[in-house]
Amino acid sequence: MTATFFCTDPESQGGIECETFYETDRDSWIVQLKKRGPKVRDQLVALADDETFGEMSGRTMDVFVRKYVRERYGIDLGIASNRATVR
């Protein structure tokens, strides 16, 4: 498997809070996230021994969705504010 950088938290500070998406040559994604421990793990349904989890900020998800839609569908969603209301 080969992982290729896709995007990261636009407000990340290097190795601190550096949530990152990687695209693989197997038509899948790898997500680099912070570990959150056994109290969170116990709340997840059917997490297998070879699976893991991490917490992703809204900032990183926003940039991922905008980039994904632009690259896959050619639609530029622009820059969305966190609390924008469309009327």
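Keep in mind the model is a prediction, meaning the values are calculated, not measured.

*Asks:* What exactly am I supposed to notice about the side chain of Glu19 here?
*Replies:* Assignment of secondary structure puts Glu19 in the loop between β1 (3–8) and β2 (20–24). Buried and unpaired, Glu19 has Arg59 as its nearest opposite-charge partner, separated by 5.2 Å. Of note is the side chain of Glu19, whose polar atom sits 2.9 Å from the backbone nitrogen of Ser57. The residues contacting Glu19, other than those within four sequence positions of it, are Cys7, Thr8, Asp9, Gln32, Leu33, Glu55, Met56, Ser57 and Thr60.

*Asks:* Help me out: how do you make sense of the pattern of salt bridges in this one?
*Replies:* Where charged atoms from two side chains of opposite charge approach closely, those side chains can pair. Inspection of every chain in the model, using the stated rule, returns five salt bridges. Note that Arg59 is salt-bridged to Glu11, the shortest N-O span being 3.5 Å. Residue Arg59 is located in helix α2 (residues 58–73), and its partner Glu11 is located in the loop between β1 and β2; the two are separated by 48 residues in the primary sequence. The salt bridge involving Glu23 is made with Arg72; its shortest N-O contact spans 2.3 Å. Of the two residues, Glu23 is situated in strand β2 and Arg72 in helix α2; the sequence distance between them amounts to 49 residues. Connected through salt bridges with shared partners, the residues Asp9, Glu11 and Arg59 form a single ionic network.

*Asks:* Just checking my understanding: could you explain the nonpolar core for this structure?
*Replies:* Here is a general trend for soluble globular proteins: nonpolar side chains tend to be buried in one another's company. One finds Phe6, Cys7, Phe21, Val63 and Phe64 forming the largest nonpolar core, which totals five residues. Among the elements of the structure, β1 and α2 are those that each provide at least two residues to this core. What Phe21 contacts, discounting residues up to four positions off in sequence, is Thr4, Phe5, Phe6, Cys7, Trp29, Ile30, Val31, Met56, Thr60, Met61 and Phe64.

*Asks:* Just checking my understanding: could you explain the sheet that holds β1 for this structure?
*Replies:* One key point about sheets: their strands pair by backbone hydrogen bonds, in either a parallel or an antiparallel sense. Taken together, the three strands give an open sheet; going across it, the order is β1-β2-β3, and neighbouring strands pair in antiparallel fashion. What marks the edges here is a single partner per strand, and that holds for β1 and β3 (29–32). Here the average twist between neighbouring strands, direction ignored, is 25°. As judged from the four bridges shared by β2 and β3, these two strands associate in the antiparallel manner. Bridge pairing in β3 places Glu23 opposite Trp29. Along the sheet, α2 contacts β1, β2 and β3; its crossing angle with β1, the most-contacted strand, is approximately 120°.

*Asks:* Sorry if this is basic, but what is going on with a nonpolar patch on the surface here?
*Replies:* On the surface, a nonpolar cluster with roughly 470 Å² of combined accessible area is contributed by Met61, Val65, Tyr73, Ile75 and Leu77. Mapped onto the fold, Val65 is located in helix α2. The exposure class assigned to Val65 is partly exposed, which follows from its relative accessible area of 37%.

Procedures and definitions
Residues numbered from 1 in each chain as written. Predicted model: local features only at pLDDT ≥ 70, side-chain atom pairs only at ≥ 80, totals over all residues. Heavy atoms only, no water. Helix = DSSP H or I, 4+ residues; strand = E, 2+ residues; numbered from the N terminus. Buried < 20%, exposed > 50% of the residue type's maximum accessible area, 1.4 Å probe, protein only. Lys, Arg positive; Asp, Glu negative; His and termini not counted. Salt bridge = Lys/Arg side-chain N within 4 Å of Asp/Glu carboxyl O. Polar contact = N/O pair within 3.5 Å; in protein donor to acceptor, adjacent residues only side chain to side chain. Contact = heavy atoms within 4.5 Å. Core = buried A, V, L, I, M, F, W, Y, C linked by side-chain atoms within 4.5 Å. Pairing = 2+ DSSP bridges. Axes fitted to C-alpha atoms, helices over the stretch in contact; angles between N-to-C directions. Patch = residues over 30% accessible without salt bridge, like charges linked within 9 Å, V, L, I, M, F, W, Y side chains within 5 Å. Areas by Shrake-Rupley, 256 points an atom, 1.4 Å probe, with all protein chains shown as cover.

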